[in-house]
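Summary of the model geometry
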Amino acid sequence: QVQLAESGGGLVQAGGSLSLSCAASENTFSNYDMGWFRQAPGREREFVAAITPFGRDIYYADSVKGRFAISRNYANSVYLKMRTLRSEAAAVYYCAARHSTAAEWSYWGQGTPVSLSS
């Protein structure tokens, strides 16, 4: 059972930048896809970005391409650097993990909120 803990959320000015972190309870570098999702009030949770083992492949939602960057360290953490934040970025951001052979995201963090001020 992989446990995930996000950090780094908070209040940021529209157009600004923010970085999120997620720490897993075990080493995930070589065996787990790691991802970020977000859920805004009244909306369904949506995919933001994902990174495969060893950082081999990276995927982004079209809405964040060129502005968000996902990365991971050699152990148990994944990061999301967000810049030029728009109003739609206000949401609770969730870290997720799945074994590289799994189809579904099996493990989820509790989420960290991101709010924007104008």
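Before reading further, recall that the structure is shown in the block above.
In this report, we go over the structure that sits alongside the text.

About the cut-offs
Residues numbered from 1 in each chain as written. Predicted model: local features only at pLDDT ≥ 70, side-chain atom pairs only at ≥ 80, totals over all residues. Heavy atoms only, no water. Pairing = 2+ DSSP bridges. Helix = DSSP H or I, 4+ residues; strand = E, 2+ residues; numbered from the N terminus. Axes fitted to C-alpha atoms, helices over the stretch in contact; angles between N-to-C directions. Phe/Tyr/Trp six-rings, centres within 6.5 Å; stacked < 30°, edge-to-face > 60°. Lys NZ or Arg CZ within 6 Å of the ring centre and 35° of its normal. Disulfide = S-S within 2.5 Å. Buried < 20%, exposed > 50% of the residue type's maximum accessible area, 1.4 Å probe, protein only. Salt bridge = Lys/Arg side-chain N within 4 Å of Asp/Glu carboxyl O.

**Points about the sheet that holds strand 1 (residues 4–7)**
Pairing within the open sheet is antiparallel, and its four strands lie in the order 1-3-8-7. Across the chains shown, the open sheet's two edge strands, defined by having one partner strand only, are strand 1 and strand 7 (68–72). Ignoring which end each strand starts from, the neighbouring axes of this sheet average 15 degrees apart. Sheet analysis places strand 3 (residues 18–24) next to strand 8 (residues 77–82), joined by six bridges and oriented antiparallel.

**Some details on the packing of aromatic side chains**
By convention here, two paired aromatic rings are described through the distance between centres and the angle between planes. Under the defined criterion, the tally for this structure stands at six aromatic pairs. Taken together, the aromatic side chains of Phe-37, Phe-47, Trp-105 and Trp-108 make up a single cluster linked through ring pairs. In this structure, Arg-98 packs its charged tip against the face of Trp-105, placed 4.3 Å from the ring centre.

**Comments concerning the state of the cysteines**
A covalent bond bridging the sulfur atoms of two cysteines is what the word disulfide describes. For the structure shown, the criterion picks out one disulfide. Here Cys-22 connects covalently by a disulfide to Cys-95, the sulfurs 2.1 Å from one another. Disulfide Cys-22-Cys-95: torsion about the S-S bond near -80 degrees, hence left-handed. In this pair, Cys-22 is assigned in strand 3 and Cys-95 in strand 9 (residues 91–99), connecting sequence segments 73 residues apart. What makes Cys-22 buried here is its relative accessible area of 1%.

**Examining the pattern of salt bridges**
Any two side chains of opposite charge can pair, given that their charged atoms come close. All chains considered together, the criterion is met by four salt bridges. The salt bridge partner of Asp-33 is Arg-98, with a shortest N-O separation of 2.9 Å. On the criterion of sequence distance, the pair formed by Asp-33 in strand 4 (residues 32–39) and Arg-98 in strand 9 is long-range, its members being 65 residues apart. A single burial state applies to Asp-33 and to Arg-98, both of which are buried. Its salt-bridge partner being Arg-38, residue Glu-46 comes within 2.6 Å of it at the nearest N-O pair. Since its relative accessible area comes to 29%, Glu-46 is described here as partly exposed. Arg-38 gets classed as buried once you look at its relative accessible area, which sits at 4%.

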